[in-house]
Amino acid sequence: MKKCLLLAFTSLLAACQSSTPPAASVASLDGEVFYLQRIALPPNATLSVSLQDVSLADAPAVVLDEQRGPVKGQVPLPFHLSYDANQVKPGHRYAVSARIEVDGQLMFITTEQHTVQLDGKDPQPLKIRVNAAR
């Protein structure tokens, strides 16, 4: 009887351990957003930078992390993105995009895809160029 009870308890513990999700493994990307125009940003400009899974062409990109807030200073504008490395899927494509808005109006945006591998070998800081929206 004791052996059966011990065996049942051990099986229950093993089942609990196998259903526990893996711990989050936080990784990050650091970089700078810049533009070539020789103009200053107004004090009410906001910067948005996002890390996205862009694997599916016919579906919206899945955002892994996004930094959004007021611009502090002038270009280059630093950013820091953190993501769960466990969410990175083999065979998927990932990219960083950025935009600068003033009073809700788009002023600058990335026009080229800035692909990242998310394998720990991406050059940092990333240099993300944005172009005028008009």
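Residues numbered from 1 in each chain as written. Predicted model: local features only at pLDDT ≥ 70, side-chain atom pairs only at ≥ 80, totals over all residues. Heavy atoms only, no water.

A. Summary view of the confidence of the model for the chain. Residues with a pLDDT of 70 or more make up 84% of the chain, whose mean pLDDT is 88. Within the model, pLDDT remains below 50 along residues 4–8, and this stretch shows 0 contacts once partners closer than five positions in the same chain are excluded. (pLDDT = per-residue confidence, 0-100. Contact = heavy atoms within 4.5 Å.)

B. Quick look at the environment of Gln105. In this structure, Gln105 sits in strand β6 (residues 105–109). Taking the C-alpha atoms as reference points, Gln105 and Ala133, 28 residues apart in sequence, are found 9.5 Å from one another. Beyond its immediate stretch of four places on either side in the chain, Gln105 contacts Ile100 and Arg134. (Helix = DSSP H or I, 4+ residues; strand = E, 2+ residues; numbered from the N terminus.)

C. Highlighting the packing of aromatic side chains. Within the structure shown, the criterion is met by 1 aromatic pair. With a centroid separation of 4.2 Å and 10° between ring planes, the pair formed by Tyr35 and Phe108 is classed as stacked. With a gap of 73 residues between them, Tyr35 in the loop between β1 (26–34) and β2 (45–53) and Phe108 in strand β6 connect regions that are remote in the sequence. Note on accessibility: Tyr35 and Phe108 belong to one class, buried. (Phe/Tyr/Trp six-rings, centres within 6.5 Å; stacked < 30°, edge-to-face > 60°. Buried < 20%, exposed > 50% of the residue type's maximum accessible area, 1.4 Å probe, protein only.)

D. Quick look at the sheet that holds strand β4 (residues 77–84). The mixed open sheet is built from 3 strands, whose spatial order is β4-β1-β8. Each having just a single partner strand, β4 and β8 (126–129) make up the two edges of the open sheet. On average, adjacent strands in this sheet sit at an angle of 35° to one another, irrespective of strand direction. In this sheet, β8 lies alongside β1 in parallel orientation, the contact comprising 4 bridges. Counterpart to Glu32 in the pairing with β8 is Lys127. (Pairing = 2+ DSSP bridges. Axes fitted to C-alpha atoms, helices over the stretch in contact; angles between N-to-C directions.)

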